[in-house]
2 protein chains.
Amino acid sequence: MNPFDLYRSLAKKTDSKILLVVFDGLGGHPTPAMGMSELEAAKTPNLDALVAEGACGLSTPISAGITPGSGPAHLGLFGYEPLDYIIGRGVLSALGIGFDLQPGDVAARINFCTMNSDGLITDRRAGRIATEEGAKRCKILSEIKLPGVEIFVQPEMDYRAAAIFRGAGLCGKLSDSDPQTTGVPPLDVKPLNPPATQIKEAAHTANLVTRFIAEARSRLKGMEPANMVLLRGFDDHLQIPSFQHIFKLKPVCIATYPMYKGLSKLVGMDVLNAGSTLESELETLKANWDKYDFFFFHIKKTDSMGEDGDFNGKVDVLQHGDTLFPEFKKLNPDVIAVTGDHSTPCLLKSHSWHPVPFVVWSPYCRPDNVQRFDERSIAEGSLNGMKHVDIMPLLMANALKFEKFGA
Amino acid sequence: MNPFDLYRSLAKKTDSKILLVVFDGLGGHPTPAMGMSELEAAKTPNLDALVAEGACGLSTPISAGITPGSGPAHLGLFGYEPLDYIIGRGVLSALGIGFDLQPGDVAARINFCTMNSDGLITDRRAGRIATEEGAKRCKILSEIKLPGVEIFVQPEMDYRAAAIFRGAGLCGKLSDSDPQTTGVPPLDVKPLNPPATQIKEAAHTANLVTRFIAEARSRLKGMEPANMVLLRGFDDHLQIPSFQHIFKLKPVCIATYPMYKGLSKLVGMDVLNAGSTLESELETLKANWDKYDFFFFHIKKTDSMGEDGDFNGKVDVLQHGDTLFPEFKKLNPDVIAVTGDHSTPCLLKSHSWHPVPFVVWSPYCRPDNVQRFDERSIAEGSLNGMKHVDIMPLLMANALKFEKFGA
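Values in this document were obtained by computation on a predicted structure and should not be read as measured data.

Before going further, it helps to spend a moment on the interface of chain B and chain A. Reports of interface size often rely on the accessible area that becomes lost once the parts have come together. At the junction of the two partners, chain B supplies 35 residues and chain A supplies 25 residues. For the chain B and chain A pair, buried surface summed over both sides reaches about 2400 Å², with 63% attributable to carbon and sulfur atoms. Interface area lost by chain B to chain A is led by Leu83, Trp353 and Arg376 of chain B, which between them contribute 23%. On the surface where chain B and chain A come into contact, there are 0 salt bridges. Counting the contacts that link chain B with chain A gives 11 residue pairs in polar contact (both at pLDDT 80 or more). Of all the elements in the fold, those that place two or more residues in the side of chain B that touches chain A are α4 (70-77), α5 (89-96) and α14 (375-378) of chain B.

This part takes up the environment of Tyr364 of chain B. Residue placement: Tyr364 of chain B occurs in the loop between β12 (356-361) and α14. In the structure, Tyr364 of chain B is positioned 324 residues away from Glu40 of chain B in sequence and 27 Å away in space, judged by C-alpha atoms.

Taken as a whole and judged by the stated rule, the model has 40 salt bridges over all chains. Residue Arg372 of chain A is joined to Asp48 of chain A by a salt bridge in which the shortest nitrogen-to-oxygen separation is 3.2 Å. With a gap of 324 residues between them, Arg372 of chain A in the loop between β12 (356-361) and α14 (375-378) and Asp48 of chain A in helix α3 (residues 45-53) connect regions that are remote in the sequence. Arg372 of chain A sits in the partly exposed class, given a relative accessible area of 22%. Relative accessible area serves as the criterion here: at 15%, Asp48 of chain A is assigned to the buried category. Salt-bridge contacts for Lys330 of chain B lead to Glu327 of chain B; the nearest nitrogen and oxygen are separated by 3.1 Å. Taken together, the positions of Lys330 of chain B and Glu327 of chain B, both in helix α13 (residues 325-330) and 3 residues apart, correspond to about one turn of that helix. In this structure, a network of salt bridges that share partners links the residues Glu283, Lys286, Glu327 and Lys330 of chain A.

This part is about helix α7 (residues 199-220) of chain B. Residue and element names in this part refer to chain B. Between its first and last C-alpha, α7 extends 31 Å over 22 residues, near the 32 Å set by a 1.5 Å rise per residue. Those residues of α7 that sit buried are Ala202, Thr205, Ala206, Leu208, Val209, Phe212, Ile213, Ala216 and Leu220. Here the buried residues of α7 occupy an arc of 170° about the axis, which is enough to place them on one side. Packed against the buried residues of α7 are β3 (106-115), α6 (131-142), β5 (150-155), β6 (160-166) and β7 (228-236).

Residues and elements named next belong to chain A. Taken together, the side chains of Glu307, Asp308, Asp310 and Asp316 make up a negatively charged region of the molecular surface. Within the secondary structure, Asp308 sits in helix α11 (residues 301-308). On the basis of relative accessibility, which here comes to 54%, the residue Asp308 falls in the exposed class.

In this section: the nonpolar core. Residues Tyr80, Phe243, Phe247, Phe294, Phe358 and Leu395 of chain A are the most contacted members of the largest nonpolar core, which totals 61 residues. Ranked by the residues each element gives to this core, the list is headed by helix α15 (residues 391-398) of chain A, at 6 residues. Beyond its immediate stretch of four places on either side in the chain, Tyr80 of chain A contacts Phe4, Leu75, Tyr85, Ile240, Pro241, Ser242, Phe243, Ile246, Val267 and Val389 of chain A. With 52 residues, the next largest nonpolar core counts Val22, Ala55, Leu238 and Tyr260 of chain B among its residues.

This paragraph deals with the sheet that holds strand β1 (residues 18-23) of chain B. All names here are of chain B. Taken in spatial order, the 8 strands line up as β9-β8-β10-β1-β11-β12-β2-β13 in an open sheet, and their pairing is mixed. Sheet topology places β9 (270-271) and β13 (386-387) at the edges, where each strand pairs with a single neighbour. Relative to strand β11 (residues 335-339), β1 is paired through 5 bridges, and the arrangement is parallel. Residue Val21 lies in a different strand from β11, and its bridge partner there is Val338.

Turning to the sheet that holds strand β13 (residues 386-387) of chain A, a few remarks are in order. All names here are of chain A. Within the open sheet, the 8 strands sit side by side as β9-β8-β10-β1-β11-β12-β2-β13. Their pairing is mixed. Looking along the sheet, the strands with just one partner apiece sit at the ends: β9 (270-271) and β13. Relative to β13, strand β2 (residues 55-60) runs parallel, the two being bridged by 2 bridges. In the sheet register, Ser59 faces β13, and the bridge partner there is Met386. Strands β1 (18-23), β8 (251-254) and β10 (294-299) of the sheet are contacted by helix α10 (residues 278-287), whose axis makes an angle of about 175° with β10.

Okay, the side chain of Thr344 of chain A next. All names here are of chain A. Mapped onto the elements, Thr344 comes out in the loop between β11 (335-339) and β12. With relative accessibility at 0%, the residue Thr344 sits in the buried group. Those residues in contact with Thr344, other than ones at most four positions away along the chain, are Gly25, Gly27, Glu38, Asp303, Gly306, Glu307, Lys314, Ser350 and His351.

A word on the pairing of β2 of chain A. Residue and element names in this part refer to chain A. Of all 6 residues that make up β2, 6 are buried, and the element is covered over most of its length. Examined bridge by bridge, β2 and β12 share 5 bridges and lie antiparallel to one another. What sits directly across from Ala55, in β12, is Val360.

Here the focus is a nonpolar patch on the surface. Among the surface-exposed residues, Leu347, Leu348 and Trp353 of chain A lie close enough to one another that they form a single nonpolar patch of about 270 Å² accessible area. Mapped onto the elements of the fold, Leu348 of chain A is located in the loop between β11 and β12.

Right, let's talk about the packing of aromatic side chains for a bit. Tallying each qualifying case throughout the model produces 34 aromatic pairs over all chains. Here a set of aromatic residues connected by ring pairs shows up, and it is made of Phe4, Tyr7, Phe78, Tyr80, Tyr85, Phe243, Phe247, Phe294, Phe296 and Phe402 of chain A. Here the guanidinium or amino end of Arg160 of chain B rests over the ring plane of Tyr159 of chain B, the centre of that ring lying 6.0 Å away.

Turning our eyes to something else, we now look at the packing of α5 of chain B against helix α9 (residues 258-266) of chain B. Residue and element names in this part refer to chain B. For the pair α5 and α9, interaxial distance at closest approach is 7 Å and the crossing angle is 115°. On the side of α5, the interface is formed by Leu92, Leu95 and Gly96, while α9 contributes Pro258, Met259, Gly262, Leu263 and Leu266. The residue makeup of the contact of α5 with α9, split by class, is 6 nonpolar, 2 polar and no charged.

It is worth spelling out the pairing of β7 of chain B at this point. Residues and elements named next belong to chain B. Among the 9 residues of β7, 9 are classified as buried, and the element is accordingly described as predominantly covered. Relative to β7, β3 is paired through 7 bridges, and the arrangement is antiparallel. Across the sheet, residue Arg109 finds its bridge partner in β7, namely Arg232.

Cut-off values and rules
- Residues numbered from 1 in each chain as written.
- Chains lettered and ligands numbered in written order.
- Predicted model: local features only at pLDDT ≥ 70, side-chain atom pairs only at ≥ 80, totals over all residues.
- Heavy atoms only, no water.
- Contact = heavy atoms within 4.5 Å.
- Buried area = accessible area lost by both parts, 1.4 Å probe.
- Salt bridge = Lys/Arg side-chain N within 4 Å of Asp/Glu carboxyl O.
- Polar contact = N/O pair within 3.5 Å; in protein donor to acceptor, adjacent residues only side chain to side chain.
- Helix = DSSP H or I, 4+ residues; strand = E, 2+ residues; numbered from the N terminus.
- Buried < 20%, exposed > 50% of the residue type's maximum accessible area, 1.4 Å probe, protein only.
- Expected span 1.5 Å × (residues − 1).
- Arc of directions from axis to C-beta.
- Patch = residues over 30% accessible without salt bridge, like charges linked within 9 Å, V, L, I, M, F, W, Y side chains within 5 Å.
- Areas by Shrake-Rupley, 256 points an atom, 1.4 Å probe, with all protein chains shown as cover.
- Lys, Arg positive; Asp, Glu negative; His and termini not counted.
- Charge placed at Lys NZ, Arg CZ, Asp CG, Glu CD.
- Core = buried A, V, L, I, M, F, W, Y, C linked by side-chain atoms within 4.5 Å.
- Pairing = 2+ DSSP bridges.
- Axes fitted to C-alpha atoms, helices over the stretch in contact; angles between N-to-C directions.
- Phe/Tyr/Trp six-rings, centres within 6.5 Å; stacked < 30°, edge-to-face > 60°.
- Lys NZ or Arg CZ within 6 Å of the ring centre and 35° of its normal.
- Nonpolar A, V, L, I, M, F, W, Y, C, P; charged D, E, K, R; others polar.

Right, dumping it as structure tokens:
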């Protein structure tokens, strides 16, 4: 039996409320200078109290040794096996810029590049043009009209942008035009292993994209260094069973960054405008507490500080996040869970494969002996060794929202 | 490679003996009043000694957050992935009343119900008639004769009973007649997604069941309030590879309740008459020690006390069970394992999703640091995070009954 069929067959609507707090890039690593990880250095009395009353363990986002991007890490958190639900780069780009993707859309990532008069790529990043230069060109490309399809071209950062094709009968199983090297012309975009039922749609879409690229070349002519586009990571909007369908929840996302809002929308969450600070996120949570039964509360800056290798900065964000918990408690959630999507240790200045602290707190969590919210302490928790995909069913159980399986 | 093919290819007959002691509903939860779980409150010096010499961990019956019924929980204990081997309700009912199910049998659960003169259901439980009233009607329905099929109708409890259809060419993939609501007539029983090879058999069985129901209606006429039957949960006797086949064991069940005897028979165990007390079970074990190499010893009342929310009662059963272990040791088993099928915390008065203490003791178990048989202590054991389906191969290994895999 498939897990989602199982969950759906057991899930029931109740009044209980679940609050899932995600510190992005939560997990850290001791640095040689400190001999302590970011969490070990941080003073987090409220998280420590939660762990003392809760059940905890380190949770693996994907599988052993695998460092996830934000997309798969969050899908895991939300209960989707990240190796079964692959989000294409184009779709992630579109989500990342806050584009309102619809079922049936095909998305791709764009690089603005430099092409010489012989039609050969000389710089795949067009000298890393500034974001506003990219935006100017996006505006030009947005005006391209092709029959039966709407085209959206929106800037990401620097030389990067996203293209979205919307219309009936499209299929995103297409090869890249980006040859990943210079001194050669762009590649032709062709169908790439489309499902048997979509061979015609893929050929049709490849044809449209080819016409779009030709038109782009003509409209960017003379705009050196960014006088051409390379497209890659074509994919269809990921069709995914929703939280409403699987868990019968009414879920909402409270986050500040477009990427996380986009990922939440993908799984069927409502997405609120939560401002740009922890305080505005907290106010948003309070103001909407009565309207939902599942709250995804995202704290971004732990990851940013980890990526920057800013140890004290990450400690500060952790300590700031810790101060929210007395406010959370006042709302009387039935279940509080805290974790990260993945680890981002300052030592590595990047995402990493290390499992992530997880704690669940409810009247029925069965507490273990752990007293402190840090990696070494939580490794001794009763849930240690769990995986991210276990989090959602565990929260459902703690909220008493699952019936018994079998008699 | 499929796990059962693996196990069968490695299993060998030896003289070593395995004793698996299952406290039904073993796992508990601290209560606010006590601050301790049932196991934490119980004095279990013999189990503590076993853990001190053994290897242990909390074991998950099905998967994270899933609360199992007795059927799937025991299948897991016996090494069968519970999500792959689904036992239908009708089969569980038949096992629960101790009916001797045979391969090819089709079983269903019966509700006696009330039908008005227009043929509409007015009470799906016939005013919850007493068990003896149900039994009287079962006797009447048992006399129904249909061509090519034997029909058994046996009382469960109150308004519930089990129907078993035995004959050549039956298929249990049938829809319910129970409409799950009142004010409507019973539904027609029809084939429900039978396998392609059994479409004819399913249609034949649906026809027989329909005739049985018509006959039941006629024979129960005037016996208000229980003047009709509703059938649901049709299923075939679960065909399952046996313990003898997979593990090359000669296994036996020592239990007091029909359900557990039935589940044991399903996996190929001999089932002994073990009386109704722990003492009679122990005597049965001793008397049959020379005849088998695998002993499933089931202790029921921990679960019953948990379901009743009787904390002290559950503590007493645990302490009573603990006193058996010196007697077990005297038999010189090569491997002793202790666990539960699932948790039944008094706090919840029901089965729960919490992982269950597991300990294995043998000369080769590789002991860990845990000294006390309770949930919080065992969460720190070397096997923590295991699943129930891991138990059987682990016991086989500790009994030195598995060859090496590969060269």
